Amino acid sequence: MKTLKRSLAILLSVIMVFSTFAFVIFASAEGEAVTVDVAVNPPQATKKADTTFTTNNEKFVPGNLPYLTFALANPGTNYGFDEFGGVPSEDQVLNVVKNANMPQGGTPEEIKAGTALCDALLQVIKNGIAWVEYDINEYHKLVDGGVLTEEELDNYLKNNDKNDLILGLLSSSSEFGLSFANCFDNEKAKDVSSTAKYLKPGDSFKEGKSYACCFQICPNINIEGLKSAVNALAPYCEKKADIKKKLETASEDERVNLNNELENLDITYEKELNAFMDVADDLYNAENEGYSATINGKDAEEIGTELGMFWTYDFGEAAKKPTIIDMIKDFFRNIIEFIKNLFNFKKA
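Only a predicted model underlies this, so the values are computations on that prediction, with no experimental measurement involved.

Thresholds, definitions, all that
- Residues numbered from 1 in each chain as written.
- Predicted model: local features only at pLDDT ≥ 70, side-chain atom pairs only at ≥ 80, totals over all residues.
- Heavy atoms only, no water.
- Phe/Tyr/Trp six-rings, centres within 6.5 Å; stacked < 30°, edge-to-face > 60°.
- Helix = DSSP H or I, 4+ residues; strand = E, 2+ residues; numbered from the N terminus.
- Buried < 20%, exposed > 50% of the residue type's maximum accessible area, 1.4 Å probe, protein only.
- Salt bridge = Lys/Arg side-chain N within 4 Å of Asp/Glu carboxyl O.
- Axes fitted to C-alpha atoms, helices over the stretch in contact; angles between N-to-C directions.
- Parallel < 35°, antiparallel > 145°, perpendicular 65-115°, else oblique.
- Contact = heavy atoms within 4.5 Å.
- Nonpolar A, V, L, I, M, F, W, Y, C, P; charged D, E, K, R; others polar.
- Pairing = 2+ DSSP bridges.
- Patch = residues over 30% accessible without salt bridge, like charges linked within 9 Å, V, L, I, M, F, W, Y side chains within 5 Å.
- Areas by Shrake-Rupley, 256 points an atom, 1.4 Å probe, with all protein chains shown as cover.
- Lys, Arg positive; Asp, Glu negative; His and termini not counted.
- Charge placed at Lys NZ, Arg CZ, Asp CG, Glu CD.

A.B. asks: Let's hear about the packing of aromatic side chains: which residues, and what values?
C.D. replies: Inspection of every chain in the model, using the stated rule, returns 15 aromatic pairs. Arranged with centres 5.5 Å apart and planes meeting at 35°, the rings of Trp131 and Phe315 form a pair that is tilted. Highlighted residues: Trp131 in strand 4 (residues 129-134) and Phe315 in strand 11 (residues 311-317), separated in sequence by 184 residues. Each member of the pair, Trp131 as well as Phe315, is classed as buried. Considering the side-chain rings of Tyr156 and Phe184, the 4.9 Å spacing of their centres and the 50° angle between planes classify their relative orientation as tilted. Taken together, the residues Tyr156 in helix 7 (residues 150-158) and Phe184 in the loop between helix 8 (162-170) and strand 5 (197-198) connect sequence positions 28 residues apart.

A.B. asks: So what's going on with the environment of Ala113? Residues and values would help.
C.D. replies: With respect to the helices and strands, Ala113 occurs in helix 5 (residues 108-127). Along the primary structure Ala113 and Pro103 are separated by 10 residues, whereas in three dimensions their C-alpha atoms are 9.0 Å apart.

A.B. asks: Residues and numbers for the pattern of salt bridges, please.
C.D. replies: Enumeration over the complete set of coordinates arrives at 6 salt bridges. For Asp314, the salt bridge is made with Lys162, and the minimal N-O distance between the two is 2.6 Å. Here Asp314 is found in strand 11, whereas its partner Lys162 is found in helix 8, with 152 residues between them in sequence. We note a salt bridge from Lys190 to Glu187, for which the minimum N-O separation is 3.3 Å. Assigned by exposure class, Lys190 and Glu187 land together as exposed.

A.B. asks: Before we move on, can you summarise the packing of helix 2 (residues 65-73) against helix 4 (residues 90-101) with the specific residues and values?
C.D. replies: The geometry of a pair of packed helices is captured by two quantities: the angle between their axes and the separation between those axes. Contact pair helix 2 / helix 4: the axes reach a minimum separation of 10 Å and the direction vectors enclose 85°. By the angle between their axes, helix 2 is roughly perpendicular relative to helix 4. On helix 4, the residues touching Leu65, Leu68, Thr69 and Leu72 of helix 2 are Glu90, Val93, Leu94, Val96 and Val97. Partitioning the contact of helix 2 with helix 4 into residue classes produces 7 nonpolar, 1 polar and 1 charged.

A.B. asks: Requested: an account of the pairing of strand 6 (residues 210-215), with residues and values cited.
C.D. replies: Across the 6 residues that make up strand 6, a large majority, 6, are buried. Of the two faces of strand 6, the one lined by Ser210, Ala212 and Cys214 and the one lined by Tyr211, Cys213 and Phe215 are each fully buried. Sheet topology places strand 4 next to strand 6; 6 bridges connect them, and they run antiparallel. Bridged to Glu133 within strand 6 is Tyr211. As paired strands, strand 6 and strand 11 are joined by 6 bridges and run antiparallel to one another. Its bridge partner being in strand 11, Phe215 is matched across the sheet by Trp311.

A.B. asks: Before we move on, could you go through a negative patch on the surface and cite the residues and values that matter?
C.D. replies: Side chains of Asp144, Glu150, Glu151, Glu152 and Asp154 sit close together on the surface and give a patch of like negative charge. For the negative patch, the leading source of residues is helix 7, giving 4 residues. Topologically, Glu152 is positioned in helix 7.

A.B. asks: Which residues make up the sheet that holds strand 1 (residues 34-39), and what values do they have?
C.D. replies: Strand order across the open sheet formed by 4 strands is 2-1-8-9, with mixed pairing between neighbours. Of all the strands in the sheet, just strand 2 (54-55) and strand 9 (298-299) have a single pairing partner and so form its edges.

A.B. asks: Account for the sheet that holds strand 10 (residues 301-302), with residues named and values stated.
C.D. replies: Across the sheet, 5 strands lie side by side as 5-4-6-11-10; this open sheet has antiparallel pairing. Edge strands, defined here as strands with exactly one partner in the open sheet, are strand 5 and strand 10. Its contacts with the sheet put helix 8 on strand 4, strand 5, strand 6, strand 10 and strand 11, and the angle it makes with strand 4 is roughly 75°.

Note that all results are geometric; they support no functional claim without further evidence.
Here it is in C-alpha cells:
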C-alpha cells in the first residue's frame, strides 16, 4: 500500500506543479458552485466496462487533459514553448506525465504495480475514468492463512474505510506478484495474496467481483483558440527565455536591468497575454466558483485535492448476468412502456 500511495502522491504533486500559473492571480468570483453529473453504466457481469462517460453540462469534459494542455502551454512559464514550440499535442501531454511518474526503481513487483497505477491514472486523465476490480471477502484469506484471528480481522475491517481497504487489496495483489506482507508485519502474510487489479480498456466485469472507479472532470477549453493565442506569443516567449538565460550569469546590477526588461516585456505583450487569458475564462470561472461531481446522480468521494477535482465511487458487487427469463421480461416491459408513451403522445 505504501508504494501505491507514494506513486499516487508523486503524480498528484507533478500535476499540481503543472497547474500552477505563475503570472495569474485568481480573483474571487461570485456565483453558486456547479454540480456536474456523469453518466456511467453500472457494472454488470459480462458487460464491458465504460472507458469514458458523458456529462450533463457541456462546459465540462471527462478527464484532465484540457487542463494539463493549458498548464503546459502557459506562456508565463515558457515550458510549452521551450519543450514543444507551442501547445503540446495530446500524446505529448500524456508522455510528460508518464515519463515523470513511471517507476524508475524498486523491486520488479513494485515496478509492475507502479506501472499499472500510472497506466490507470493516465486513463483517468485522458478519458475520465478507470476501474478497479476487487473482492472484499479476500481479506478472510488472512484468517485462513493464520495471519489474523476472526476478531482481529473484524476490527481491521471496521477501522479502515473502503478506499483504504481497496488500496490494501491492490497493494497485495498476485496480479503484480505482491502479497499481504505489504499491509501486515507477519511472516505468514507473504503466502497470502488478493486478486485485485486495474481493468484495462476492453475488459469486462465478472460475476462475484466488486468494482470501484476513479473519475475526473474539468472545464472545457478551446484548444484551437489556445493554439492561436500561444502562437501569437512566440516572440514574447523567445525574449523571455533569452532574458532568463542571461540572468543565470548576471551580476547584481545586470540582474536589476534584466528584471526590469521582464516587467516591460509583460507590458509590451499585454494585449497578447490578455488574449491568452481570455481563452481560459471558462476554466477560471469554474475554478473560482467551484464545482463538484456526482455519478448517476449519487454522491462520490472527492480525493487528491492537489489535483483539483478527482473522485472515487464504489459500485460494489457487479450485477449478475441477466437470464433468458429476465431478458424476456425486459422485452415485454419495453413494449408496454412504448405503448403507454404512444397513447400519451396521441392524447397530447
